[in-house]
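# Fold and contact review
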Amino acid sequence: MAEKVPVYDNHVHMDPSGRNVDAAREFEATGGTGLTLVTLPYRQVPITRGEDFERSFEITLSLADKAREATDLEINVAVGPYPVLILPLSEKYGLERAEEMMIEGMASAARMVEEGKACAIGEIGRPHFDVPEEIWDASNRILLRGMEHAKELGCPVIIHCESGTTETNRSLSDMARSAGLDPGMVVKHSSPPFVTDSETFGVMPSIPASKKNISEALGKGSTRLMLETDYIDDPERPGMMMPVTTVPTKVKMLLSTGRLGPEDINRICRDIPDSLYHR
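In what follows, the accompanying structure is described. (Residues numbered from 1 in each chain as written. Predicted model: local features only at pLDDT ≥ 70, side-chain atom pairs only at ≥ 80, totals over all residues. Heavy atoms only, no water.)

Turning our eyes to something else, we now look at the environment of T165. When you line up the elements, T165 lands in the loop between β5 (157-160) and α6 (166-178). Taking C-alpha positions, T165 is 9.9 Å from T200, a pair spaced 35 residues apart along the chain. (Helix = DSSP H or I, 4+ residues; strand = E, 2+ residues; numbered from the N terminus.)

On to empty space enclosed by the protein, then. The gaps left among the atoms become clear once a water-sized probe is rolled over them. According to the stated counting rule, one finds two cavities of 30 Å³ or more in the structure shown. The calculated volume of the largest cavity comes to roughly 60 Å³. Lining of the largest cavity is provided by T39, L40, P41, Y42, V45, I47, F53, S56, F57, G80, Y82 and L85. Here the lining of the largest cavity is composed, by residue class, of nine nonpolar, three polar and no charged. Approximately 30 Å³ is the volume found for the second largest cavity. In terms of lining residues, the second largest cavity is bounded by S163, G164, T165, T168, N169, K188, S191, P192 and F194. Class assignment for the residues of the lining of the second largest cavity results in two nonpolar, six polar and one charged. (1 Å grid on protein atoms, 1.4 Å probe; cavity = no way out; pocket = protein on both sides within 12 Å on 5 of 7 lines; lining within 4 Å. Points joined across faces, edges and corners; volume = space filled by probe spheres on them. Nonpolar A, V, L, I, M, F, W, Y, C, P; charged D, E, K, R; others polar.)

Our focus in this paragraph is the layout of surface pockets. Volume-wise, the largest pocket comes out at about 600 Å³. Together, 27 residues line the largest pocket, and L40, P41, Y82, I232 and R237 are the ones closest to its centre.

The next point concerns unusual backbone geometry. In this model, G122 is joined to E123 through a cis peptide bond whose omega is -5°. By the element assignment, E123 lies in strand β4 (residues 120-125). The phi dihedral of F201 is positive, around 55°, even though this residue is not glycine. Relative to the elements of secondary structure, F201 occurs in the loop between α7 (197-200) and β7 (204-208). Positive phi values are uncommon outside glycine, yet D233 reaches one of about 60°.

With that settled, consider helix α1 (residues 21-29). Of the positions making up α1, those classed as buried are V21, A23, A24 and F27. Buried residues in α1, looked at end-on, bunch into an arc of 160°, giving them a common side. Looking at the buried side of α1, the elements it contacts are β1 (8-12), β2 (34-38), α2 (52-70) and α9 (246-256). Phi turns positive one or two residues past the end of α1, at G31, with a value near 125°. (Buried < 20%, exposed > 50% of the residue type's maximum accessible area, 1.4 Å probe, protein only. Arc of directions from axis to C-beta. Contact = heavy atoms within 4.5 Å.)

Here is the structure:
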């Protein structure tokens, strides 16, 4: 790149059994400057009670510390009960107890934000596929509690849920408002290239950094977005989602072709993440 600009990936996972720190080094070597490290369920910590979520979140914090020691990356951490977990938990313990466990996990995530160990609650939300109505309703109750915590803490929530239509963003915006949370503090992970007000309803889009998505989003004349890879770091699925080098590569391409200037990249990769995570 002609000049140093921030390069931020808003959704990265690390796994204790994966590449973790090596992946962070590769991201930095390719031009990356910062990322949001988002927790996922770890096979090392089966969830059998609400307290187990805190043990899982501690793994995320440990991985973030190791990556910070090995690199100069800015690493912002999001912790929260992964929404799809409600399915196996309800099968094993019943839906009522599963919901209670997820709510306890949400409270643990909020405590970590309050203590300054994490800066966002996520990824939380609801399953991204069709589920029975009672699972859907319980998932929305859990998500609302997460938004209420975020309102109390002044932090963002990172949402995992169904995608594809603007109605998803409308529902997230409405729920945020009912919790007293600014919809702009709701980050839609794996968002379609929705960037206009009529598409986002105030929700912040975090868009997978494919050439098609970026082109479609920028074609609407807005840079109110973040880019992400959803890098999984699963040693059993090394080709899943996008390589950790994707966002640096795409930012270089956008600059070299003149599609975006440094000021646009600064907004996408510095100003917007800072406004969310540095509060």
